[in-house]
Amino acid sequence: MRVSFTVNGREETADDVWEGESLLYVLRERVGLPGAKNACEQGECGSCTVYLDGAPVCACLVAAGQAEGRRIRTVEGLAEGDRLDPLQEAFVECGAVQCGFCTPGLIVQAHDLIERVPRPSDAEIREALAGNLCRCTGYEKIIEAVRLAAARKSAAE
Amino acid sequence: MDFLRPQTWAEALAAKAETPEAAPIQGGTDMMVELNFDLRRPAALLDLNRVAELTSWSAEEDGRLRVGAGVPYARLITELGDRLPGLAQAARTVGSPQIRNRGTVGGNLGAASPAGDSHPPLLAGDAVIEVESAARGVRMIPAAGFYLGVKRSALAADELIRAFWMSPASGPQYFSKVGTRNAMVIAVCSFAVALHPGERRVGTGIGSAAPTPRRAAAAEEFLAAELDWDAPLDPAVLRRFGELAAEAASPIDDVRGTAGYRRHAIGVMARRTLTWAWNDFRAGQLGRRAG
């Protein structure tokens, strides 16, 4: 089947999509956006998190056909040209990136948190990121990065 | 495999009548796991995402809430958490925020897993499931009669789940769940209570400790007879309630826990949730008296 949707503001169409295919597969293999990572394929790890019509979802659990006509925003769509999103910068500065595999999902999920809750408490950060697994950092640096990005974003506004 | 895309409820019912083997998909958080892992190849997917009315809820004339099968857990928590607190608590333990943005009570009901988090509060709160087929119209199925076996429900092959009906809480409600992680955890077992002070009755629901979600009927009857609604909770009553709740379970040993552990945990959660609910209820009562 053919599936058309908007990704990071651009119209995209994928042809010959298998009916049981996930949005994640379409994004990575057909649209050429490898930012969202494919790890568990069962929603356990959060590394494929993307925005679907403004809400973060696991792209591996959205059937491609369900994305027809919808708006997708991936980690690739957060930076403006060469200017990284404050969260991306904070992740780099705080050492919240090690192997980097979980990073795109964490950044999209944390991005949504800061949009909704400009100055989240540690408990709110932990709850928001509870579905994103990281095997390297031990999470402390990630939480630090979210805190830093939130503080900077609030100060800038 | 086909991908069916009804735009309206009538189209969805027609599609289900024509292709009963089509698997309905709402949030997809359950179904897509099975597809990704090659565990299931339905003849067709019946995508209900475009049926807008499934994603709304309303307060009906009889005072009950009618909640569309496609309202995601995240909205259930924010929009109905004050009126359906037990269900909202259970919803907060479902998956992760990403999953709660997609997953729905309708999907939970459709899967009818004994471990589904929404089932115990639906049972404790006397929910009624509204299902419909093109041929026979609407059927209203009380939650207690909906679950028939492991992943089997009263839903006929040509029927779809349209909504669930539930009264706003008339007293405190609690849900408790044993799991091994703070998120993304399937219940080892779970328990829900709902106090119905007007009827001097306590509703219960047991999850993941029997082939189906079920009520602890004997425990409910015991409380209806023995609970003094104008006094602090009698420890002997509380203890007996826990025992009867544990006896109502018929768990299995599996990778997540042993039958013995589950039975024990059901008793503990029954005592805890009733204590929490009772403390809230008494605080409200005493508060009213003082005010």
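Keep in mind the model is a prediction, meaning the values are calculated, not measured.

Trainee: Looking at this structure, how should I read the domain arrangement of chain A?
Mentor: It is common to give the size of an interface as the accessible area that goes away when the parts come together. Residue and element names in this part refer to chain A. Per the domain assignment, the segments making up chain A are domain 1 (3-77) and domain 2 (86-156). Inter-centroid distance (C-alpha atoms) of domain 1 to domain 2 is 21 Å. Carbon and sulfur atoms make up 62% of the area that domain 1 and domain 2 hide from each other, which totals about 1100 Å². Applying the counting criterion to the domain 1 and domain 2 interface returns zero salt bridges. Element by element, the count of residues in the side of domain 1 that touches domain 2 is highest for strand 3 (residues 49-52), at three residues. Here the residues of the side of domain 1 that touches domain 2 sort into six nonpolar, seven polar and three charged.

Trainee: Help me understand the nonpolar core in this model?
Mentor: Considering soluble globular proteins, one finds that nonpolar side chains tend to be buried as a cluster. Formed by 63 residues in total, the largest nonpolar core has its most connected members in Phe-5, Leu-23, Leu-27 and Ile-72 of chain A together with Leu-76, Leu-122 and Phe-164 of chain B. If you look at the next biggest cluster of nonpolar residues, it comprises 32 residues, including Val-202, Leu-223, Leu-233 and Phe-281 of chain B.

Trainee: Looking at this structure, I do not really get the pattern of salt bridges. What am I missing?
Mentor: A side chain of one charge can pair with a side chain of the opposite charge if their charged atoms are brought near each other. All names here are of chain B. Enumeration over the complete set of coordinates arrives at 30 salt bridges over all chains. Notably, a salt bridge pairs Lys-177 with Asp-117, separated by 2.9 Å at the nearest N-O pair. A residue pair is termed long-range when its members are at least 10 positions apart, and Lys-177 in strand 11 (residues 173-178) and Asp-117 in the loop between helix 6 (105-111) and helix 7 (119-124) qualify at 60 residues. With respect to class, Lys-177 is no different from Asp-117; both count as buried. Note that Glu-243 is salt-bridged to Arg-240, the shortest N-O span being 2.8 Å. Placement of both Glu-243 and Arg-240 in helix 9 (residues 235-248) is noted, with a separation of three residues, approximately one turn of the helix. Put simply, Asp-126, Glu-199, Arg-201, Arg-215 and Glu-220 are held in one network by salt bridges that share partners.

Trainee: Whenever I open this one, helix 1 (residues 23-30) of chain A confuses me. Can you help?
Mentor: What sets the pattern is the α-helix's 3.6 residues per turn: residues three or four places apart point alike. All names here are of chain A. All of the buried residues in helix 1 are Leu-23, Leu-24, Val-26 and Leu-27. Taken together, the buried residues of helix 1 touch strand 1 (3-7), strand 2 (10-14), strand 3 and strand 5 (71-73). Positive phi shows up at Gly-32, right after helix 1, with a value of about 80 degrees.

Trainee: For this particular structure, what's the right way to read the sheet that holds strand 3 of chain A?
Mentor: Adjacent strands of a sheet pair through backbone hydrogen bonds, lying either parallel or antiparallel. All names here are of chain A. Overall, mixed pairing links the five strands, which are arranged 2-1-5-3-4 in an open sheet. One side of each edge strand has no neighbouring strand; the edge strands of this open sheet are strand 2 and strand 4 (55-58). Each adjacent strand pair in this sheet contributes to an overall mean axis angle of 40 degrees, direction not counted. In this sheet, strand 4 lies alongside strand 3 in antiparallel orientation, the contact comprising four bridges. Along strand 4, the bridge assignment pairs Tyr-51 with Pro-56. The strands that helix 1 touches are strand 1, strand 2, strand 3 and strand 5; relative to strand 1, the one it contacts most, it runs at about 75 degrees. Here helix 3 (residues 103-116) sits on the sheet in contact with strand 3, strand 4 and strand 5, set at roughly 45 degrees to strand 3.

Definitions and limits used
Residues numbered from 1 in each chain as written. Chains lettered and ligands numbered in written order. Predicted model: local features only at pLDDT ≥ 70, side-chain atom pairs only at ≥ 80, totals over all residues. Heavy atoms only, no water. Domains from an automatic or database assignment. Buried area = accessible area lost by both parts, 1.4 Å probe. Salt bridge = Lys/Arg side-chain N within 4 Å of Asp/Glu carboxyl O. Helix = DSSP H or I, 4+ residues; strand = E, 2+ residues; numbered from the N terminus. Nonpolar A, V, L, I, M, F, W, Y, C, P; charged D, E, K, R; others polar. Core = buried A, V, L, I, M, F, W, Y, C linked by side-chain atoms within 4.5 Å. Buried < 20%, exposed > 50% of the residue type's maximum accessible area, 1.4 Å probe, protein only. Contact = heavy atoms within 4.5 Å. Pairing = 2+ DSSP bridges. Axes fitted to C-alpha atoms, helices over the stretch in contact; angles between N-to-C directions.

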